[in-house]
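# Fold and geometry: a report
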Amino acid sequence: MELYQDFLNKMPQAEQRQHVEELLNWVMTEFPNLKAEYKWNQPMFTDHGTYIIGFSVAKHHLAVAPEVAGINQFKDEFDKRGLSYTQNLVRLPFDQAIPYDLLKEMIAFNQHDKADHQKFWR
């Protein structure tokens with residue numbers, strides 16, 4: 001977690017900081033094969049040099065960026081859960097529980113879909 005400490009320390013609200021720290025710890029525990037990285041002022045995780053998932057913070061939500069293919073794969077699930085999303089990210093409101101089951105599916109999808117991918121981005 002040391003890699004992300006400066007990022008977390010910049011978050012003014014302790015509750016949001018705890019929310020994000022919990023999520024990052026969960027990713028590192030659930031997917032120990034992913035490499036934790038900090039690029040473009042964002043915590044992200046890679047596998048064999050290719051991007052898998054990244055996170056950023058806004059005032060009222062945590063943004064999860066699984067690339068366009070990851071968004072397209074889970075649009076129906078986002079709609080079903082009432083989650084707001086764009087072409088590049090899905091918003092997880094800070095006042096709601098983190099949907100770990102959905103995040104697990106998103107990360108697993110990207111790992112499988114990019115298993116033979118040689119570049120950072122799709």
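Note that the coordinates shown come from a computational prediction; the quantities given were computed from them, not determined experimentally. (Residues numbered from 1 in each chain as written. Predicted model: local features only at pLDDT ≥ 70, side-chain atom pairs only at ≥ 80, totals over all residues. Heavy atoms only, no water.)

### Regarding the nonpolar core
- Ranked by internal contacts, the top residues of the largest apolar core, which has 30 residues, are Phe-55 and Leu-103.
- The set of elements that each furnish at least two residues to this core consists of α1 (5–9), α2 (14–30), β3 (50–57), β4 (61–65), α3 (67–81), β5 (90–93) and α4 (100–113).
- Beyond its immediate stretch of four places on either side in the chain, Phe-55 contacts Leu-23, Leu-24, Val-27, Gln-42, Pro-43, Phe-45, Leu-62, Ala-63 and Val-64. (Core = buried A, V, L, I, M, F, W, Y, C linked by side-chain atoms within 4.5 Å. Buried < 20%, exposed > 50% of the residue type's maximum accessible area, 1.4 Å probe, protein only. Helix = DSSP H or I, 4+ residues; strand = E, 2+ residues; numbered from the N terminus. Contact = heavy atoms within 4.5 Å.)

### Things to note about the sheet that holds β3
- Strands sit in the order β1-β2-β3-β4-β5 across an open sheet of 5 strands; the sheet is antiparallel. The sheet terminates laterally at β1 (35–39) and β5, the two strands that pair on one side only. The average angle at which neighbouring strand axes cross in this sheet is 25 degrees, direction not considered.
- Bridging between strand β2 (residues 42–47) and β3 involves 4 bridges; their strand directions are antiparallel. Following the sheet pairing, Thr-46 is matched in β3 by Tyr-51. (Pairing = 2+ DSSP bridges. Axes fitted to C-alpha atoms, helices over the stretch in contact; angles between N-to-C directions.)

### A word on the packing of α2 against α4
- Between α2 and α4, the least distance of the axes is 12 Å, while the angle of their chain directions is 50 degrees. Looking at the two axes, α2 sits oblique to α4. Of the two elements, α2 crosses α4, and the hand of that crossing is right-handed. Contacts between α2 and α4 involve Glu-22, Leu-23, Trp-26, Val-27 and Glu-30 from the first element and Tyr-100, Leu-103, Lys-104 and Ile-107 from the second.
- For the contact of α2 with α4, the residue count by class is 6 nonpolar, no polar and 3 charged. (Parallel < 35°, antiparallel > 145°, perpendicular 65-115°, else oblique. Left-handed = near helix turned anticlockwise from the far one by under 90°. Nonpolar A, V, L, I, M, F, W, Y, C, P; charged D, E, K, R; others polar.)

### Quick notes on the side chain of Thr-46
- Topologically, Thr-46 is positioned in strand β2.
- The buried category is assigned to Thr-46, whose relative accessible area is 2%.
- Here the side chain of Thr-46 touches Glu-37 through a polar contact of 2.7 Å, side chain to side chain.
- Excluding residues that lie within four positions of it along the chain, Thr-46 makes contacts with Leu-34, Lys-35, Glu-37, Tyr-51, Ile-52 and Phe-120. (Polar contact = N/O pair within 3.5 Å; in protein donor to acceptor, adjacent residues only side chain to side chain.)

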